[in-house]
Amino acid sequence: QESRGLGDVYKRQVSTQSTGAKREMLSRTLRQLTKRRKYASKCYSTPSIGIVGSGQMGTGIAKIAASSKLNVLLLDADAKQLKKSLLFLDNLFQKDVQKGKATEEDSKHARSRISTVSALKDLSNADFIIEAVKEDPKVKDTLFRSLSEVAKPEAILASNTSSISITKIAASSSRPDKVIGMHFFNPVPVMRLVEIIPGLSTSEDTKNKAFSLAKQLGKEPILAGDYPGFIVNRLLVPYVNEAIQALYEGLGTREDIDKGLKLGCNMPMGPLTLADFVGLDTLLAAIRVFHAEFGDKYRPSPLLVKYVEAGWYGLKTRRGFYEYDDKGNIKSN
């Protein structure tokens, strides 16, 4: 409407002007329109993102969203976990200042954009909600059923699942066209990739908005099919599971298996170190989804199952295939 209004003014005023005057009038009109558009863009409220789950992934997503000037509502029913997440976020923002990636003022402003909440109803005004909870189909189905009841009609509901079918998750929602997969990678502030996974009912508009958000967060999105593991984990998880099986069979020590893949295949991190970093519980949940879908080719190593049963989840519990100190460094024997 604004463009048409200025255009009408221009048409009325240029009818009696010379060619030179018409050009000047057009130039002035375009400058006015540009100024008004810039002013209008400042008046729009910053979109808000709701994040369900304040573990490693949820905390990382909250950090990059706040750094991208988005308002963040970080939800977790566990008050201790929320407190832990906020302390970790403070540390991340301070590291940005120390490394020269952000000024003290910018980090303070980014941190101020993150608010914590404890109930799903607190996300009722969020424009985009990203789930980052336990990799369990039942937990996610229940969550998306509840989110459908509290989120505003136009809100997009995204899952950070690394292996579970988006179509299945969306089926538990009353708005499957608004459900999509956005698989971030750990550590979220460092890893540039996001897999975008539409379900069978996901609309084109939802897919486009997910791609747009990923780019706004400074990530490189790729489109993946809705099959277990999508692209990256379909290739990565069996590789790591086979390395665990090699350790189980005595093919080599943990150090030699990791060194072999790092020096022989130019991997930046050995598969057993990577397993600890990802979380052995998360890894086992993913490989079990593959096993159920594709059969014995993806059977989890007995050693992986035993470690998870023992509560040895890797870095986050300070013990996995390696032991870690409080700073996350591998302890020397």
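Here the structure is a predicted model, which means the values were calculated and not measured. (Residues numbered from 1 in each chain as written. Predicted model: local features only at pLDDT ≥ 70, side-chain atom pairs only at ≥ 80, totals over all residues. Heavy atoms only, no water.)

Trainee: How should helix α6 (residues 137–150) be read in this particular structure?
Mentor: A turn of α-helix holds 3.6 residues, and therefore any two residues three or four places apart point the same way. The first and last C-alpha atoms of α6 sit 20 Å apart over 14 residues, in line with the 20 Å expected at 1.5 Å per residue. Every buried residue of α6 is listed here: Lys140, Asp141, Leu143, Phe144, Leu147 and Ser148. All buried residues of α6 fall inside an arc of 165° around its axis, so they share one side. Counted as exposed and oriented over 90 degrees from the buried face of α6: Lys138 and Glu149. (Helix = DSSP H or I, 4+ residues; strand = E, 2+ residues; numbered from the N terminus. Expected span 1.5 Å × (residues − 1). Buried < 20%, exposed > 50% of the residue type's maximum accessible area, 1.4 Å probe, protein only. Arc of directions from axis to C-beta.)

Trainee: Help me understand the nonpolar core, please; the structure alone is not making it clear to me.
Mentor: Soluble, globular proteins show a tendency: their nonpolar side chains are buried together. Counting 33 residues, the largest nonpolar core has Phe128, Met182 and Phe184 as the members making the most contacts within it. Counting residues per element, this core draws most heavily on helix α3 (residues 56–67), at six residues. Among all residues touching Met182, those that are not within four sequence positions of it are Phe128, Ala158, Ser159, Asn160, Val194, Glu195, Ile196, Ile197, Ala210, Leu213 and Ala214. One finds Ala286, Tyr298, Tyr307 and Tyr322 within the second-largest nonpolar core, a separate group that totals 26 residues. (Core = buried A, V, L, I, M, F, W, Y, C linked by side-chain atoms within 4.5 Å. Contact = heavy atoms within 4.5 Å.)

Trainee: Explain the side chain of Ser301 to me, please; I cannot follow it from the model alone.
Mentor: Following the sequence through the fold, Ser301 ends up in the loop between α12 (280–294) and α13 (302–309). The class for Ser301 is buried, based on a relative accessible area of 2%. A polar side-chain atom of Ser301 sits 2.9 Å from a polar atom in the side chain of Gln245. The contacts of Ser301, once residues within four sequence positions are left out, are Asn241, Ile244, Gln245 and Tyr248. (Polar contact = N/O pair within 3.5 Å; in protein donor to acceptor, adjacent residues only side chain to side chain.)

Trainee: So what exactly am I meant to see when it comes to the pattern of salt bridges here?
Mentor: Between side chains of opposite charge, a pair can form as their charged atoms come close. One pass over the structure, following the stated rule, counts 13 salt bridges. Here Lys152 makes a salt bridge to Asp127, at a shortest N to O gap of 2.8 Å. A residue pair is termed long-range when its members are at least 10 positions apart, and Lys152 in the loop between α6 and β5 (156–159) and Asp127 in the loop between β3 (114–117) and β4 (128–131) qualify at 25 residues. Relative accessible area serves as the criterion here: at 19%, Lys152 is assigned to the buried category. Its relative accessible area of 31% is what places Asp127 among the partly exposed residues. Of the charged contacts, one joins Asp296 and Arg299 as a salt bridge, the two residues approaching to 2.6 Å between their closest N and O atoms. Of the residues examined, Arg299 reaches a relative accessible area of 46% and is grouped as partly exposed. Several salt bridges converge on common partners, so that one network encompasses Asp127, Lys152 and Glu154. (Salt bridge = Lys/Arg side-chain N within 4 Å of Asp/Glu carboxyl O.)

Trainee: Explain the sheet that holds strand β8 (residues 220–223) here, please?
Mentor: Hydrogen bonds between backbone groups are what pair the strands of a sheet, and the pairing can be parallel or antiparallel. Read from one edge to the other, the open sheet built from eight strands follows the order β3-β2-β1-β4-β5-β6-β7-β8, with strand pairing classed as mixed. The open sheet terminates on both sides in strands that have one partner only, identified here as β3 and β8. Recorded for the sheet is a direction-independent mean angle of 25° between the axes of neighbouring strands. Direction of pairing for strand β2 (residues 71–75) relative to β3: parallel, over a ladder of four bridges. When the bridges of β3 are listed, Leu74 appears paired with Thr116. (Pairing = 2+ DSSP bridges. Axes fitted to C-alpha atoms, helices over the stretch in contact; angles between N-to-C directions.)

Trainee: Sorry if this is basic, but what is going on with the pairing of β4 here?
Mentor: In regular strands, side chains alternate between the two faces of the sheet. What you see with β4 is no split at all: Phe128 and Ile130 on one side and Ile129 and Glu131 on the other are buried throughout. Alignment of strand β1 (residues 48–52) against β4, held across four bridges, turns out to be parallel. The residue of β4 that forms the bridge with Val52 is Glu131. Pairing between β4 and β5: four bridges, direction parallel. Bridging from a neighbouring strand, Ile129 pairs with Leu157 of β5. Once you follow β4 into α6 and on to β5, the crossover reads as right-handed. (Right-handed = clockwise from strand over helix to strand, strands pointing away.)

Trainee: What exactly am I supposed to notice about the layout of surface pockets here?
Mentor: With a probe scaled to a water molecule rolled over the atoms, the places where space remains empty come into view. In this structure, the second largest pocket occupies an estimated 260 Å³ of space. If you go around the second largest pocket, you meet 13 residues; those closest to its centre are Pro47, Asp127, Phe128, Ile156 and Lys209. Elements with a contribution of two residues or more to the lining of the second largest pocket: β1 and α8 (204–216). Among the elements that make up the lining of the second largest pocket, the one with the highest residue count is α8 (four residues). Looking at the lining of the second largest pocket, its residues break down into six nonpolar, three polar and four charged. (1 Å grid on protein atoms, 1.4 Å probe; cavity = no way out; pocket = protein on both sides within 12 Å on 5 of 7 lines; lining within 4 Å. Points joined across faces, edges and corners; volume = space filled by probe spheres on them. Nonpolar A, V, L, I, M, F, W, Y, C, P; charged D, E, K, R; others polar.)

Trainee: Hey, could you run me through the confidence of the model for the protein in this one?
Mentor: Any segment with low pLDDT has predicted coordinates that should not be analysed in fine detail. For the protein, the mean per-residue pLDDT works out to 89, and 86% of the residues sit at or above 70. Every residue in residues 1–15 scores below 50 in pLDDT, and together they form 16 contacts with partners more than four places removed in sequence or on other chains. (pLDDT = per-residue confidence, 0-100.)

Trainee: What is the right way to look at the pairing of β1 in this model?
Mentor: Counting buried positions along β1 gives five out of five residues, so the element sits mostly inside the fold. Burial along β1 is two-sided: Ser48, Gly50 and Val52 and Ile49 and Ile51, pointing in opposite directions, are all buried. In this structure, β1 lies alongside β2, joined through five bridges in parallel fashion. Its bridge partner being in β2, Ser48 is matched across the sheet by Asn71. Remark: the β1/α3/β2 crossover connection has right-handed handedness.

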